[in-house]
Structures are given as C-alpha cells and as structure tokens.
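# Architecture and fold: a report
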Amino acid sequence: MRKFQETDFDDLCVIHDQARKQELKAAFKPLKIAAIEEDLFSYNIYVAAIDEKIVAFVAFSDDELAWLYVDPSFQKQGIGSKLIEFSLTKMKRPTYLEVLTGNPAKSLYLHKGFKFLQHESGKMPGNETFHVEVDLLIYK
C-alpha cells in the first residue's frame, strides 16, 4: 500500500469504472467526472498494488471511509479487507461510511466491525437526478 500519486489516476479510473458498474447501474458516472463532482481529492487516497499493478484504492477523511474500490478481477482476495484495516489505523473514532442498499460490499464492512446506524435516502452527491438508498454504518 502506498499514497496515491497523480500518475496513478488513470489506473484508478479503470478500477473505479469497472467496480462501480457492479454497484450502480443507472447512476454510473466515470471517475474522471465523479472525482470532481464527489470531491475525491479532498480525501486521503491510498492504492494497493500487486507486482506494481494498482488493483484497488481507498479514500478517507479523519472520520469517514468514503471510497473503496477493488478491481473486479482481484475481488474476494482480501485486498478490500486490508485497505479497510489500513484506513482504520489512520482515522479517528467514531468512523462512518455510507453503503448503497444492495451493495455486496456491505457484508465486508460489517465483517470488519462496522455496525448499522441508520438508513437514509436522498439524492446522490454529484448526480442529484438519481435517488439513492444508503445505510449509514459506524465503527467505534
């Protein structure tokens, strides 16, 4: 794992765009757009690499795990777990995250110790025409 560098952005776009299509079908926006609209660069960003190939990334603030994407061909190999564990060592408590209803990653977050706090619905940041249902999770 290492800190994000600007030269990593194209790799992040590929990972995000493949993985997010699993999560969002109708409201999908490529990372080149979503990064600006959803303020990706205001977060601490780290990448995970295998043999120097970037396969995942995570973005977080002091109290929010905001982005976590793993290349679909590398999912179910513990990379997401390692990124969550790493992020939690850098964050304050409590820590929050929002996960879209139906996102299979929710089970990973719960397994890593996050707990359900509340269900919310509203507009998707950066794509306000799309209504979303999310679960707010907390890690104490």
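These numbers were taken from a predicted model, which means no experiment stands behind them.

Moving on, we get to the pattern of salt bridges. Counted by the stated rule, this structure contains 7 salt bridges. One salt bridge connects Arg-20 with Glu-38, and the closest N-O pair in it is separated by 3.4 Å. Here Glu-38 lies in the loop between α2 (31-37) and β2 (44-50) and Arg-20 lies in helix α1 (residues 9-23), a separation of 18 residues in the sequence.

Strand order in the open sheet formed by 4 strands is β1-β2-β3-β4, and the pairing between neighbours is antiparallel. On the outer flanks of this sheet lie β1 (2-3) and β4 (65-70), each paired with one strand and no other. With 7 bridges joining them, β2 and strand β3 (residues 53-60) adopt antiparallel strand pairing. Paired with Tyr-46 across the bridge in β3 is Val-58. Of the strands in this sheet, β2, β3 and β4 are in contact with helix α3 (residues 79-90), which crosses β3 at around 40°.

Inspection of the secondary structure puts Thr-95 in strand β5 (residues 95-100). Classification of Thr-95 as buried rests on a relative accessible area of 0%. There is a polar contact of 2.5 Å between the side chain of Thr-95 and the backbone oxygen of Lys-92.

Quick notes on the rules
- Here the residue numbering is sequential within each chain, running from 1 through the sequence in written order.
- Since the coordinates come from a predicted model, pLDDT governs what is reported: local features require at least 70, and pairs of side-chain atoms require 80 or more to be given and counted, while whole-chain, interface and lining totals use all residues.
- To get the side-chain values, all heavy atoms of the structure are used, and hydrogens and water are removed first.
- The term salt bridge refers to a side-chain nitrogen of Lys or Arg lying within 4 Å of a carboxyl oxygen of Asp or Glu.
- Counting from the N terminus, the helices are DSSP H or I runs at least four residues long and the strands are E runs at least two residues long.
- In this description, strands pair whenever DSSP reports at least two bridges between them.
- What makes two residues a contact is simply this: any of their non-hydrogen atoms within 4.5 Å.
- For helices, the fitted line uses only the C-alpha atoms of the stretch in contact; every axis is such a line through C-alpha atoms, and the angle between N-to-C directions lies from 0 to 180 degrees.
- Summary of the burial criterion: residues with accessible area below 20% of their type's maximum are buried, those above 50% are exposed, and those between are partly exposed, where the area comes from a 1.4 Å probe applied to protein chains only.
- Whenever two N or O atoms come within 3.5 Å, that pair is a polar contact, provided that in protein one can donate a hydrogen and the other can accept it, and provided that, for residues adjacent in sequence, both atoms are side-chain atoms.

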